[in-house]
Amino acid sequence: MNGKIFDRPVLVKNGQHIIEEIESLADAFQFLEKWPESRRGPIYQTAIRACQRAYDGYVPLSVARDAFAGFARSVKILEDVSTVLPWTERTNSGRGGVPI
């Protein structure tokens, strides 16, 4: 699955209140495989299908990322980072900051 990296990660909370970065199709598949069968519903199935179709090359990778994020939102594990983290801000200060 090399080369199947999302343009930006999806941040999710796992059962231990730890934030996980889902950065690729491989990460998404691994997370979804561990999801309890008793909690798998139609939105879970949509996320799995979207990831599989992206892996097979039928849909863009962004479709799989968005489907996974939608699943995470629906089960209330999506971590919304709406503020910019200080270490990711672009700097123009000339003091050794590296723009990202």
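Peer 1: Please explain the environment of glutamate 23 as it appears in this structure.
Peer 2: By the secondary structure assignment, glutamate 23 is in strand β2 (residues 19-24). When the C-alpha positions of glutamate 23 and arginine 8 are compared, they lie 6.8 Å apart, and in sequence the two are 15 residues distant.

Peer 1: What should I look at first to understand unusual backbone geometry in this one?
Peer 2: Leave glycine aside and you will find that most residues have negative phi; peptide bonds, for their part, are mostly trans. Of note, the phi angle at lysine 76 is positive, near 60°, even though the residue is not glycine. Locating lysine 76 in the fold gives a position in the segment after α3 (61-74). According to the relative accessible area criterion, lysine 76 is exposed, its value standing at 69%.

Peer 1: How should I be thinking about the packing of aromatic side chains in this particular structure?
Peer 2: Between two aromatic rings, the relevant description is the distance of the centres plus the angle of the planes. The full count for this structure, using the stated rule, is 5 aromatic pairs. Between phenylalanine 68 and phenylalanine 71, the aromatic rings sit 6.1 Å apart at their centres with planes inclined by 55°, giving tilted as the arrangement. Within this pair, phenylalanine 68 and its partner phenylalanine 71 are both found in helix α3, separated by 3 residues, close to a single helical turn. The pair formed by phenylalanine 68 and phenylalanine 71 is uniform in burial state, with each residue classed as buried. Counting every residue linked through ring pairs, the aromatic cluster contains Phe31, Trp35, Tyr44, Phe68 and Phe71.

Peer 1: Would you explain the pairing of β2 in this entry?
Peer 2: The two faces of a sheet get side chains in turn, since along a regular strand they alternate between them. Bridge analysis of strand β1 (residues 5-13) against β2 gives 5 bridges, and the strand direction is antiparallel. The partner of isoleucine 5 across the bridge, within β2, is serine 24. Hairpin connection from β1 to β2: 5 residues lie between these consecutive antiparallel strands, with histidine 17 at a positive phi of about 60°.

Cut-offs used in this document
Residues numbered from 1 in each chain as written. Predicted model: local features only at pLDDT ≥ 70, side-chain atom pairs only at ≥ 80, totals over all residues. Heavy atoms only, no water. Helix = DSSP H or I, 4+ residues; strand = E, 2+ residues; numbered from the N terminus. Buried < 20%, exposed > 50% of the residue type's maximum accessible area, 1.4 Å probe, protein only. Phe/Tyr/Trp six-rings, centres within 6.5 Å; stacked < 30°, edge-to-face > 60°. Pairing = 2+ DSSP bridges.

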